[in-house]
Amino acid sequence: MSDEQTETGTGWPQPAGPARPGGPAGEPDPRPDAPDPDELSPLAPQGPVEAEPPAGEPGVAPVDDGATVDLSAVSRSEEPVERSDGLAEPAVQRSGEPVVAGRSRLSTAGVMIAALLALLGFTLVVQLKTTSTDPTLGATRQEDLVRILSDLDARENRLQQDIRALEDSQRQLASGEQGRQAALDEATRRADELGVLAGTLPAVGPGLTVQFISGAKPISATRVLDAVQELRGAGAEAMQISGGDRTAVRVIASTYFLDGENGSLVVEGRRLAPPFTITVIGDPATMRTALNIPGGVVASVRGDGGNVTFGEREVAEVSALHAPIRLEHARPVS
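In what follows, the accompanying structure is described. Worth saying up front: this structure is predicted, and the values here are computed from it rather than measured.

1. Focus on the packing of helix α6 (residues 142-173) against helix α9 (residues 284-291)
Phase 1: At a closest axis distance of 10 Å, the pairing of α6 and α9 adopts a crossing angle of 135 degrees. Looking at the two axes, α6 sits oblique to α9. Seen along the crossing, α6 lies across α9 with a hand that is left-handed. Residues Arg-147, Ile-148 and Asp-151 of α6 form the contact with α9, whose own contacting residues are Ala-285, Thr-286 and Thr-289.
Phase 2: Taken together, the residues that form the contact of α6 with α9 break down as two nonpolar, two polar and two charged.

Shown next, in the form of C-alpha cells:
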C-alpha cells in the first residue's frame, strides 16, 4: 500500500490535488493572502475581470455616496429618472429644446396682449386727433380766429345780460304789490319782441347792409339762404331783403327762397330783381365776420364770379312787415 492510500485511509487511490498549506487537500486555504485556486487553474477564463468594490474595514459601516442614477435614462428628455431609493428625479433637458412648454405659451400670450394694447392706444390717439381737429378752422388765418373768438365772447356777454334781465323780471313778478304792474310791463315787452320776430312790427337799431352783386353766374337762392342762416347764427334780430326795384320782403323763420327767371329771386311768392340787399339789425362786426369765414358765403359768391359788399349802419331800419296769419281754428287760452 502506497503513501497516498495510507493518507486517505481508503483502499482506493485518490487523485492528488494541489497541496494547500494550512488545511487538507480539496479545502480552501484559510489564509487571506492565499492565491485564488481559479487563477492557478489552467481552465480559468482568461480576460478582464470586474473589480469588486473594496470591502470595508472591519467594524466600520459602509457609507452610501448617493443614489445610483442610470445615465441612459438621464439622456432621455422629459422622462423622470428612478433612483435606487425609489424616488423619481426630474428629467434632464436636452440641448436645443425649449425650457418649459408653459413658459413658451406665456410669452406668446404676452406678445398678443401687448399688440392689442398698442392697437387700442393707436385707435384712441387717431380718434382724439380726428375729433379735436376742425379742417375749416385749421385753414383759417390767425386774424380770423381772433375775430371768431371775439364774436363768441360777445355772444356770451349778451346771453349773460339776458339771464340777468330774466332774473330781475322774476324777482319783480314775485315782489307782491308791484307784481301786477311788473307782470303787465313784462307782457308788453314780450309782445313787442315776439312782434319783431314774427315780422308784424317794424324794428330799428344798429345793423348792417349786405349787397349781393352777380357776375357771370347769377346769385342763386341757395347763396342767399346761406347768408340768412349765417346772419341768424351771428345774432341777427330782424332782417329784410330788397331787390333792384326796391321791393322789400320781411325775412322770418318761415320765409322761403326760389330761383326766378333772368337771375331774379322769388321770396315769399314775390319776385325780386338783382342786385339783392339784405338789411339786418344786430352787432355789425359779428355778422360781418360770420359771412367772411373762409369757405363761407362771401367766398362762395366770389368763387362764382360775383361780389359781396358791406355797409355798417348805426341805425338800420327794417320796415317791411309780414302779414299776420289769420287763425281759423286755434285761439289763445285766457
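2. Structural notes on the sheet that holds strand β5 (residues 248-251)
Phase 1: Pairing within the open sheet is antiparallel, and its five strands lie in the order β5-β4-β9-β3-β10. Looking at strand neighbours, the two that pair on one side only are β5 and β10 (307-318), the edges of this open sheet. Within this sheet the neighbouring strands show an average axis-to-axis angle of 20 degrees, counted without direction.
Phase 2: Where strand β4 (residues 238-242) lies against strand β9 (residues 276-281), five bridges are found, and the strand directions are antiparallel. Paired with Gln-240 across the strands is Thr-279, a residue of β9.
Phase 3: The strands that helix α8 (residues 221-233) touches are β3 (203-213), β4, β5 and β9; relative to β9, the one it contacts most, it runs at about 10 degrees.
Phase 4: Relative to the sheet, α9 contacts β3, β9 and β10, its axis offset from that of β3 by approximately 25 degrees.

3. Overview of the sheet that holds strand β6 (residues 257-259)
Phase 1: Strand order in the open sheet made by the three strands is β6-β7-β8, with antiparallel pairing throughout. What marks the edges here is a single partner per strand, and that holds for β6 and β8 (270-272). Ignoring strand direction, the axes of neighbouring strands in this sheet form an average angle of 30 degrees.
Phase 2: Against the sheet, α8 makes contact with β6 and β7 (265-267), and its axis sits at roughly 155 degrees relative to β6, the strand it touches most.

4. Quick notes on the nonpolar core
Phase 1: Core analysis: the biggest nonpolar cluster contains 29 residues, and Phe-212, Leu-231, Met-239, Ile-241, Phe-257, Leu-265 and Ile-278 have the highest contact counts within it.
Phase 2: For this core, the secondary structure elements donating two or more residues are β3, α8, β4, β5, β7, β9, α9 and α10 (297-303).
Phase 3: Apart from residues no more than four positions distant in its own chain, Met-239 is found in contact with Val-228, Leu-231, Arg-232, Arg-250, Val-251, Ile-278, Thr-279, Val-280 and Val-318.

Definitions and cut-offs
Residues numbered from 1 in each chain as written. Predicted model: local features only at pLDDT ≥ 70, side-chain atom pairs only at ≥ 80, totals over all residues. Heavy atoms only, no water. Axes fitted to C-alpha atoms, helices over the stretch in contact; angles between N-to-C directions. Helix = DSSP H or I, 4+ residues; strand = E, 2+ residues; numbered from the N terminus. Parallel < 35°, antiparallel > 145°, perpendicular 65-115°, else oblique. Left-handed = near helix turned anticlockwise from the far one by under 90°. Contact = heavy atoms within 4.5 Å. Nonpolar A, V, L, I, M, F, W, Y, C, P; charged D, E, K, R; others polar. Pairing = 2+ DSSP bridges. Core = buried A, V, L, I, M, F, W, Y, C linked by side-chain atoms within 4.5 Å. Buried < 20%, exposed > 50% of the residue type's maximum accessible area, 1.4 Å probe, protein only.

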